[in-house]
Structure formats: C-alpha cells, structure tokens
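Structure at a glance
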Amino acid sequence: MRDIEHIISQMTLDDKIALCSGKNFWETKAYEKYGIPSLFMSDGPHGLRKQNLDDGADMLGINKSLPATCFPAEVTTASSWDVDLLERIGQSLGKEAVLQKVGLVLGPGANIKRNPLCGRNFEYFSEDPYLAGKLAGSFIHGIESQGIGTSLKHFACNSQERDRFTSDSILDERSLRELYLTGFELAVKEGKPSTIMCAYNKLNGIHCSDNIDLLTDILRDEWGFEGMVVTDWGAMNDRIEGFKAGCDLNMPGGSAFMEKEVKQAVLDGALSEALIDESVRRILKLVFRADKTLKESGEDCFENNHKMAVEAACKGGVLLKNEDKLLPISDGDNIAVVGYMAKHMRYQGAGSSHINPTKIEAPLDFFPEATYVAGCDEKGDTDVNLLAQVAQAADKADKVIVFAGLPDSYESEGFDRDDMRMPQGHLQMIQEAAAHNDNVIVILLSGSVVECPWADQVKSILYMGLPGQGGAEAIYKLVTGLVNPSGRLAETWPYTYDDVPSSDYYGQTKDGLYKEGLYVGYRYYDKAGINVRWPFGYGLSYTTFAYSDLALDGNRVRVMVTNTGDRFGEEVIELFVGKAQEGIHRPKRELKRFKKIELNPNESVEVTFELDDRCFAIWHGGFEIEDGTYEISIGDMSLTKYVEGRRFDKLGRSGWYEHVTGKPDMESFEKAIGRKYIEPVLKKGSFTMDNTVEEMKDFSLIMKIMYKATESVIAKGFGGKVDYSNPDFKMMMKSSAGGPLRSMQISSGKQGGLFEGLLDMANGHMFRGLIKMMRK
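Structural notes, computed from the coordinates. (Residues numbered from 1 in each chain as written. Predicted model: local features only at pLDDT ≥ 70, side-chain atom pairs only at ≥ 80, totals over all residues. Heavy atoms only, no water.)

Thoughts on the pairing of strand β18 (residues 569-579)
Formally: Think of it in three bands: residues with accessible area under 20% of the maximum for their type are buried, residues over 50% are exposed, and the middle band is partly exposed, with areas taken using a 1.4 Å probe on protein chains only. In DSSP terms, a helix is any run of H or I states spanning at least four residues, a strand is any run of E spanning at least two, and both are numbered starting from the N terminus. The pairing criterion is simple: DSSP has to find at least two bridges between the two strands.
Taking burial as the measure, the eleven residues of β18 include eleven buried ones, the bulk of the element. Of the two faces of β18, both are covered, the one formed by G569, E571, I573, L575, V577 and K579 as well as the one formed by E570, V572, E574, F576 and G578. In this structure, β18 lies alongside strand β19 (residues 590-599), joined through nine bridges in antiparallel fashion. Paired with E574 across the two strands is F594, which belongs to β19. Bridge count for β18 against strand β23 (residues 628-634) is five bridges, and the pairing is antiparallel.

Quick notes on the packing of helix α12 (residues 302-316) against helix α16 (residues 471-480)
Applied cut-off: Axes, fitted as lines to C-alpha atoms, cover a helix only where it is in contact. Angles between the N-to-C directions of the axes lie from 0 to 180 degrees. Oblique is the label for every angle not falling under 35 degrees (roughly parallel), over 145 degrees (roughly antiparallel), or within 65 to 115 degrees (roughly perpendicular). For any pair of crossing helices, the crossing counts as left-handed if the nearer helix is rotated counterclockwise from the farther one by less than a right angle, and right-handed if it is rotated clockwise. Residues count as neighbours in contact if any of their non-hydrogen atoms are within 4.5 Å of one another. Each residue gets one label: Ala, Val, Leu, Ile, Met, Phe, Trp, Tyr, Cys and Pro are nonpolar, Asp, Glu, Lys and Arg are charged, and the others, such as Gly, are polar.
With their axes 8 Å apart at the nearest point, α12 and α16 run at an angle of 50 degrees to one another. Between α12 and α16, the angle falls in the class oblique. Taken as a pair, α12 and α16 cross one another with a handedness that is right-handed. The segment α12 lies against α16, with H306, V310, A313 and C314 engaging G471, E473, A474, K477 and L478. Looking at side-chain class alone, the contact of α12 with α16 contains five nonpolar, two polar and two charged residues.

Concerning the packing of aromatic side chains
Just so we agree on the cut-off: Side-chain rings of Phe, Tyr and Trp, where Trp is taken by its six-membered ring, are said to pair if the distance between their centres is within 6.5 Å; with planes under 30 degrees apart they count as stacked, over 60 as edge-to-face, and otherwise as tilted.
Per the stated rule, a full pass over the model turns up 26 aromatic pairs. With a centroid separation of 5.6 Å and an interplanar angle of 65 degrees, the aromatic rings of W493 and W534 are classed as edge-to-face. Of the two residues, W493 is situated in the loop between α16 and β15 (512-513) and W534 in the loop between α17 (522-528) and β16 (545-553); the sequence distance between them amounts to 41 residues. Take W493: its relative accessible area is 1%, and that puts it in the buried class. With 5.6 Å between their ring centres and 85 degrees between their planes, F718 and F729 make a pair best called edge-to-face. In this pair, F718 sits in the loop between α20 (701-716) and α21 (727-736) while F729 sits in helix α21, placing the two residues eleven residues apart along the sequence. Given a relative accessible area of 22%, F718 falls into the partly exposed group.

Notes on the environment of T231
Tracing the sequence through the fold places T231 in strand β8 (residues 228-231). Accessibility expressed as a relative area gives 0% for T231, which makes it buried. Each C-alpha atom of the pair T231 and H154 lies 9.1 Å from the other, and the pair is 77 residues apart in sequence. Non-local contacts of T231, meaning those with residues more than four positions away in its chain, are made with M197, C198, M236, C247, L249, N250 and M251.

Re helix α4 (residues 83-99)
Rules: Multiply 1.5 Å by the residue count of a helix minus one, and that product is the helix's expected span. Here a polar contact means two N or O atoms within 3.5 Å. Within protein one must be a hydrogen donor candidate and the other an acceptor candidate, and residues neighboring in sequence count only if both atoms are side-chain atoms.
For α4, which comprises 17 residues, the first-to-last C-alpha distance of 25 Å matches the rise-based estimate of 24 Å (1.5 Å per residue) to within 8%. L85, L86, I89, G90, S92, L93, G94, E96, A97 and V98 are the residues of α4 that are buried. In this structure D82 caps α4, since a side-chain oxygen of it lies 3.1 Å from the backbone nitrogen of D84. Positioned one or two residues after α4, K101 has a phi angle of 60 degrees, which is positive.

Topic: the sheet that holds β19
What holds strands together in a sheet is hydrogen bonding between their backbones, with the strands either parallel or antiparallel. The antiparallel open sheet is built from four strands, whose spatial order is β19-β18-β23-β24. Lying at the two open borders of the sheet, with one neighbouring strand each, are β19 and β24 (637-643). Going from strand to strand, the sheet's axes swing by 20 degrees on average, the running direction of each strand aside.

Digging into the sheet that holds strand β1 (residues 41-43)
Ordered by their spatial adjacency, five strands build an open sheet running β1-β2-β3-β5-β8, and the pairing between neighbours is parallel. The open sheet is flanked by β1 and β8, the only strands paired with a single partner. Averaged over all pairs of adjacent strands, the angle between strand axes in this sheet comes to 30 degrees, irrespective of strand direction. Packing against the sheet, helix α5 (residues 129-144) makes contact with β2 (104-106) and β3 (149-155), and its axis sits at approximately 150 degrees to β3. Each of β3 and β5 (195-198) touches helix α7 (residues 182-191); the most contacted strand, β3, lies at about 165 degrees to it.

Quick notes on the pairing of β3
Where we set the bar: Handedness of a crossover is defined as follows: orient the strands so they point away from the viewer, and if the path from the first strand over the helix to the second runs clockwise, the crossover is right-handed.
Across the seven residues that make up β3, a large majority, seven, are buried. Where β2 meets β3, two bridges bridge the pair, whose relative direction is parallel. Among the inter-strand pairings, V105 is bridged to a residue of β3, identified as T150. Regarding topology, α5 serves as the crossover connection from β2 to the parallel β3, and that connection is right-handed. Of the strand pairs in this sheet, β3 and β5 are connected by three bridges, and their pairing is parallel. What sits directly across from L152, in β5, is I196.

Following this line, the structure appears as structure tokens:
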C-alpha cells in the first residue's frame, strides 16, 4: 500500500476537495503528480453494468453496457435463504469485475420491503432485517474476497420510489433501529463492505448525505465501519455538511458542486481541513486497493458464471402449490405452453441494475415438443382470438404451463406500482386455461408480490421472481424434477393490497410516513391475526421433512431434521423468538436464526443454533432485554426460556401499536415520533435547490418551459414520442425533472450558476437569475 499520509501532506487544498468528487459518471479523479490512479465503478447488485463512457453513461440502465452475467435479482436469490450461495455469486461477480477492470461494484441493496408496491423491491432482499442482512453480508464477502470493493445501499430508509430524491422518511427511533438499520448493521459487521452508499431521501428531516448521526455516530462509531461513504448519483445536498457528516465521495463528477464554498468554509474556519483529509484518506485506501487488484488480467469466467446463474435461479424458485403432485411433469406428458413470457421471459428489472446478458434463452426453448400459444401481448393485454387459442390448446393437452406475472412496464426503478394486481390479460389467460384443463401449472415472473385471485383454480404454482439469464433452464429443471425446489418466500404474500398495513397512505404523499412502525410484513399479519395467501418463509418441496427432538441447552438450540420422502432435497430451518406483550408493545415473533441443509431420503441431521443477547433485545435508547419468558419456535415445535433483563412500563400509552387492529392512526404515529407531523407546503418565492422542476412547474412559467423541454429531449430517444406507459421514459422523466435542481446540476456535470439562476427565475427574480446563469 502506498504512503497515503505522505500523499495527503503533498496535496493542495483545492486538489483534496476536488478528489472528493468524481471525474465523470463512473470514475474517480486521477492525479499523476501525486501518483493517484483513477477508480472505475459500476452498478452491480446482480451483475455488472459497465458502460464505455464514449457510448453514453447513465444511472438508469438506458445506454449500452458491456456483456456480463445477469444473475437472478435479489428477489430470487433471497428466496434461496442460502448464505453460501450468495457468497459464491459474489465471488463469481467479483471475478467478472476483475476481468472488466471494475474496482467498485455498486451493490447490494439491503432496504426493507415495507410495502409491495415499491418499484425497486426486486433489488432488495426481504421484509425481514435479519434475513436481508445475512444474505447481503455473504454477497459482499464474496465480492470483497476477490479484491473488489462493494457499496452497500441505499443507506437508509429508502423504501419508496415516489419523490425518492426529495422525500423525508419519517419514523420512530425504535423502528429505525430494530427494523431498518439492523440489516445494514449485520451486512457491515459480517460482510465488511468497502463503501456504503447514502440514500437520496431525508431521514427524519436531515438528508442522508448530511446526516452525522447516520454516517458517523451509528455507522462508524457504533458499528466500526472503516470504509468510504459515497453518495447515490446526485444525492449530495450540502457539500460542507456532507464533509462534517462523513460523506466522502460525491458522484457523479464533473460539476464541481459546491467546491468553491467548501474551500471558503475551510479558509473561514467553518469547516476543518482534517475532515477533508479523512475523506481523502478513505478514498485513497479504496483506489489503491483496486489498482493493485486490477493489475491482474483476470480470467474468462463467463461460462462458469452462467452455470452459477442457473444454479442460483434453481435454488431461488419457490413452489407455492402442488396439488395432486402435478409437478414434476413426466416425459410422456402432452404439454401446452401459454404466455408471451414463455417466449420472451422477464428475467430482470428495469433501471440501474439492468444487465446486458452474456447469454439468454427462453423457457419455450426447453419444451420443443409443446404446443405454444402467446395468450397475451408484451403489455399483458389479450383479446377474444388469443383466448380462443388458449382454450383450444388447453383442451388438447394433458397439462398446461402458463407463464404470467408482471411485464416490464409494471415495475421499475424511478416509480412505484399503482396497485398489486397482475395485468387483466394475464388473469384471463390463466382463467381460460383452467376452464379447459384441470392440470394447470402457473410459472410466476415478477419482482414483487402480486394478488393471485386465480390460485384456487390451478393445481401448481412456481414463483421464480426475476431469475436472471439462467432462468429458462432453471424453470425447466424445476418443473421436470431434475432439481427439487427448495426456495422459501422472503416476503409475505397477502390476499389483497388492502391487507397491507401501509396501504392507505404509502405513496400518497411526498414524504414517507412510516406509520406502521415495526409492523411490516409478518410482524403485522401475525399480530393482527390477518390470514395471508402465503406466509413469510413458506415454500414446498417434492419431498417431505420432519422435525423432532427440539432441545435447549443454555443458549444452544438443537433440532433433528429428517427427509421423510423419496427424493434428495434441501430444507430451510427457521428459528423464531417471541415474547408475550407485557411491558412494551412488540411483534409476536421474529426471525433470529436460519440454516439451509441438504438431505438424502431417510437421512437425519441435527441442526444447532447459538443464540445471543440480540435475539431477545429491543431498542430503548440502546438494545436492552425485557425480563421474562421467551418462546423459541422451529416449525410447529416450541420451547420456552426465561431471560433476565429490565422491566418496562409502556403499555397503555402506545396506541395502535399495542393491538394493530385496523390501519395505523396519525395520533399513535405522532406519539411514537414525539412530535406533530406538518406536511410541507410548496410556495413560489421559497423554492430551493432541493425542489424539482416537476413540482415547481405548476407555479413557475420558466419551470413549465424547462419541464416541457426535458420531456422533448427525452422523447427523442423514444422516436419522438412522449410515452409515460413506457417504463424507461417514465423513469427518465422522474429521474430528471423529478430530481431536485442540485441533483440535476451534479448529474449534468455542468459547472457555474445555471441552476441557481433558474432557481432565482422560478422564485420571480428574473434579472438576478440571468446574472447567475452567466457566472462560470
């Protein structure tokens, strides 16, 4: 490692400040005079999206990228519940990074799935922080083992896409600590990522980029994180406050955003140069490590990585229903295959994680003897003629395999879904097949939970999520029995969206009001007594397993697991801890340990778990244990353990959270956060660089013109058509006109007073605005 301290001592203040902003969209600055090389980074939660800068760079997955292995998205790999698998995926991805000279992979995402409509849920692991943290940590460890950096994101509470650049995530401290930070904490401590990516949003009124409590007090001082903090692209709010908070690298580069103000603050004594030195030190540590790793040529690993992608998709497939053991299908079965997605599989999400795969196959390619009918079009629409073809094919087949779910236009980075429903055409297609054949199998392809009113009309359902480039082969192996399904749901599937605790208010306002508190996913459904279609942790197999001999010795829990069927299989053992609600409100049970094991027919294995204090602790100004008796459950067995701790006397003062009947109310929420919530009001004359063109256009002619100009420019990439039904067009508008002026300046790479001048003009100060726009 080069002498970083010597380098810092030689650098000018100007150069140190400049190093803390990128060179361009994907690179850090190189300084030959100091011996500092550049670092290239790439999106990468489930595969590399390396762009040649000459082909156009973007953060939305629109422009070209180099071919790379498209592994299954997190929605699928999370369903594997397999930490070893995630580490091996990370190792595979790390090898590709070495080959493509990428020093920093921007992933994984560990945000909690608090609501099924979040447009980016496919990039996140789970509704449960323990599961999310363990899987993220293993993935990180795998990549980092190859000498390549990772960036754990989006820190923190970035669980909605609506107004993601400017929204304020408002929640109580206990929910923040127990639910929304725990996954990050686990991933930081166990995976040891090189970097953390701070989120766009505010957290309880403070931008994440400026938040010293988040980036220093919690991340570094409490958790021991020693790496670099990088902004999400365009997330920097105030560069001076960012340095104070411990936000090291502003990306993308080129705009010199607030660099002059930072220098003046140092000269005035308002900002310590030592804080800038700390950021430089952390950046250089990463840059030099990557430079050393990337001196190696790397090896062609694409063929092996494709096999890894197939294996990962197999392990992430969840068998949700298998009535009469309809699956696996037999060689002699006369099969009809229905659905546009059978020929054009949806295998990944839209946005910054969009990969240019090295290889892609369609599920239909693996069923050459099957009768195929489309049943619907690309958007999920159907008509009388298409449905007649479905009926005819179903009448003649022994079994019908229907491919359905969510088309690309339904979910994407940049916007949230409107509802939890599948396209009407997909529903009609399934219903038509079921009306003409008793043996219908549905293959579900979607990045998040959907309503399944047709579930009782079909015999088998296999959920594949977004299974990556190896998804087609994986589907074939699972439905034919070459691989036994072993996936388990990493999120609850309610019957309808109305069952979701945050359904009345999620996405309805600019700010994210986390009124449901701790009660997300199974934590809510269990306590509220609401039946769900498929619970968290659920999944079937072609074999059967039995649990016995549950025992507790101190903090060690043992259970015997036996494969009682006639096939090799993998089982996920899930350990939950719960306690009766006595002195303080709490969920009925919470996942605290899990393990995936392999068993041959009639084989038995004793599985052991070690518990620690955090398995019993809640946040109350620190993690503390409530005195009392706890229930430890695995499967349908349980035992109790008395744990000594402190007593709480909070019941009777927590409102909705004590019973979770109905939907959360504002009074209980405000009591939990300790203040009244006042919805922000937009008013001309008080616009700031934190306001967006989209929200200002209704008050300002100049912003209306700017919005229309942005719309027109983006439309050129779509044949001149303004098309909000196209997810890429919609995402680009939301990420440009929907981003604050400061983000537009940073992402554009433009220096000078252009955007500040536009802001003045929007506030009615035309002459002052024109003067600023001419400033260089």
